[in-house]
Each structure stands twice: as structure tokens, then as C-alpha cells.
Amino acid sequence: MPRSNEIDTPRGPARIDTDLPVRPASALLVLGHGAGGSVDAPDLLAVRDASVAAGLAVVRVTQPYRVAGRRAPAPAGHLDEAWAVVLAVLRDRHADVPTVLVGGRSSGARVACRTARAVGAAGVLALAFPLHPPGRPERSRAAELATGLPTLVVNGVRDPFGTPEPGPAVQVVSRPGETHDLRRDPAGTAAAVRDWLYAQGWAAD
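What you see is a predicted model, and the numbers here were worked out from it, not measured in a lab.

Turning our attention to unusual backbone geometry. Glycine aside, negative phi is the norm for most residues, and most peptide bonds take the trans geometry. In this structure, alanine 128 is a non-glycine residue whose phi angle is positive, near 55°. The topology assignment puts alanine 128 in the loop between strand E6 (123–127) and strand E7 (151–156). The backbone of leucine 182 sits at a positive phi, close to 50°, despite the residue not being glycine. On the secondary structure map, leucine 182 appears in the loop between strand E8 (170–175) and helix H5 (186–199). For leucine 182, a relative accessible area of 0% gives the class buried.

What follows is about the environment of aspartate 49. Turning to its location among the elements, aspartate 49 is positioned in helix H1 (residues 42–53). Linking aspartate 49 and alanine 187, residues 138 residues apart in sequence, is a C-alpha distance of 9.5 Å.

Looking at the secondary structure, you find aspartate 80 in helix H3 (residues 76–93). Overall, the relative accessible area of 17% leaves aspartate 80 in the buried class.

Because the α-helix completes a turn every 3.6 residues, residues three or four places apart line up on one side. A rise of 1.5 Å per residue sets the reference length of H1, with its twelve residues, at 16 Å; its end C-alpha atoms lie 17 Å apart and thus fit the reference within 8%. For H1, the complete set of buried residues consists of Asp43, Leu44, Ala46, Val47, Arg48, Ala50, Ser51 and Val52. Where H1 is buried, its residues touch strand E2 (12–19), strand E3 (28–32), strand E4 (57–62), strand E5 (100–105), E6 and H5.

Moving on, we come to the side chain of threonine 62. Mapped onto the elements of the fold, threonine 62 is located in strand E4. With a relative accessible area of 4%, threonine 62 lands in the buried category. Not counting chain neighbours up to four residues away, the residues in contact with threonine 62 comprise Ala14, Arg15, His33, Val39 and Val67.

Two modes of strand pairing occur in sheets, parallel and antiparallel, and in both the strands are linked by backbone hydrogen bonds. Strand order in the open sheet formed by eight strands is E1-E2-E4-E3-E5-E6-E7-E8, and the pairing between neighbours is mixed. Two strands close off the open sheet at either side, each with one partner strand: strand E1 (4–9) and E8. Looking at each pair of strands side by side, their axes are set apart by 20° on average, direction ignored. Contacts from H3 reach E1, E2, E3, E4 and E5, with the element oriented near 125° to E1. Against the sheet, helix H4 (residues 107–115) engages E3, E5 and E6, with an angle of about 150° to E5.

Let us now look at the packing of aromatic side chains. According to the stated counting rule, one finds one aromatic pair in the structure shown. A ring pair is formed by tryptophan 196 and tryptophan 202, whose centres lie 5.2 Å apart and whose planes are at 75°; its orientation type is edge-to-face. Neither tryptophan 196 nor tryptophan 202 differs from the other in exposure class; each is buried.

Definitions and limits used
- Throughout this document, residue positions are counted from 1 along each chain, in the order its sequence is written.
- The predicted nature of this model means local features are confined to residues of pLDDT at least 70 and side-chain atom pairs, given and counted, to a pLDDT of 80 or more, with totals for whole chains, interfaces and linings taken over all residues.
- Water and hydrogen atoms play no part in the side-chain values, which are based on all heavy atoms of the structure.
- To qualify as a helix, a DSSP run of H or I must reach at least 4 residues; to qualify as a strand, a run of E must reach at least 2; elements of each kind are numbered from the N terminus.
- Only protein chains enter the accessibility calculation, which uses a 1.4 Å probe; a residue whose area is less than 20% of its type maximum is buried, one above 50% is exposed, and one in between is partly exposed.
- Each residue after the first adds 1.5 Å to the expected span of a helix.
- We call two residues in contact whenever any of their non-hydrogen atoms come within 4.5 Å of each other.
- Paired strands, as defined in this entry, are two strands with at least two bridges between them according to DSSP.
- To get an axis, fit a line to the C-alpha atoms, keeping to the stretch in contact for a helix; angles then go from 0 to 180 degrees between the N-to-C directions.
- Two rings from Phe, Tyr or Trp (for Trp, the six-membered ring) form a pair when their centres are within 6.5 Å of each other. A pair whose planes differ by under 30 degrees is stacked, one over 60 is edge-to-face, and the rest are tilted.

Here it is in C-alpha cells:
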């Protein structure tokens, strides 16, 4: 399987970058990027490395608008539609992997939350979840996290987009000194994700 290729969606081609563990994967983790960013953001790369080392297959998905060279994000419905098509293809390609997890950073985390149930995910990883626009706490997006699935949120304590509160299925890790980009200590962010994967039984020894 090529490490990087494209998947056609109704919104244009999406690009996927796949990293596989050395042994049969215990789970498939699919990650999306931030609104104007890429799948090579430091936190996503650190999480990829830690997850692959823990026995997961990791696929990073670049949305069609970014593949086309645009920085302004597509409407939420377009993002969700493209993501769902990519997930269907990935589930078929990795049919031997027992568990599918979805996640991403910022906008990608929101897409993963909104579609988690529809794509059959077992859990959600939300990095730098943007709880509200900066300075607008009344415009909360907390409802998007209420999937009922095991969810890990990793946010910086200095994130101007806010940090969600934990809930019955939502665990929140607040990273000291970090802002929205989670660039100060990617390894620490990845360690929190790795611990959660092991605690949920999705990582392999």
C-alpha cells in the first residue's frame, strides 16, 4: 500500500498519509488537520509516532480544500462529507483492523466529533479542540464533544479558544504552558495520548 495517495470524494480528492506498525495493527487511528494547517503539525506528527510505536496504524487525512491549495476552510458540511467518504474507503482497506478511532487537531477534531457515530468509530481524539471563538465563550461548541464515545481532549492551558470541561465519556488533559498550536512540548502531548490508548485497551504491548 502506498504511504501517500489520494481518495476521491464529492468535494475533490483528499490525500492520505499512512503509517503502519511493524506488527498487525491493534487499531486504526485517522487524524485530520487544523483549518489552515497541515497534517505535518508537530502535535499530529508526535501523536502519529507514539501511536505507531504502540501498535496502531495511523492515517493522516488532508481535506480536499487543502489539497487544492486553499487555506480558507470549506463549510462544515463539505468537510464532514469528504471525511465520511475517506473513512469508508479506509475501513475497507483496513478491514482486518478491529477498531477505528477518529481525531485531529482544532477543526479536524470538530469534524471527527461530528461524524464519529456515523463512521462507526470506537473513540475520539481531540487535540486543541476549539471550544469557542477567541473572546466569544457564549458561542460554545461543547455539544460536539457529546458523542457518548470515549473521548480524549488535549488542550493548552493558554488556548484562546478555551478548554472543554470533562464529562462522563470525555477526559480532558490540560497541557501547561501550551497555546492552541500545542508546539511547546509535542512529546508530552503524545504521551498523554499514548496513555489513553493503553487505558482504553486500543494499544498493543
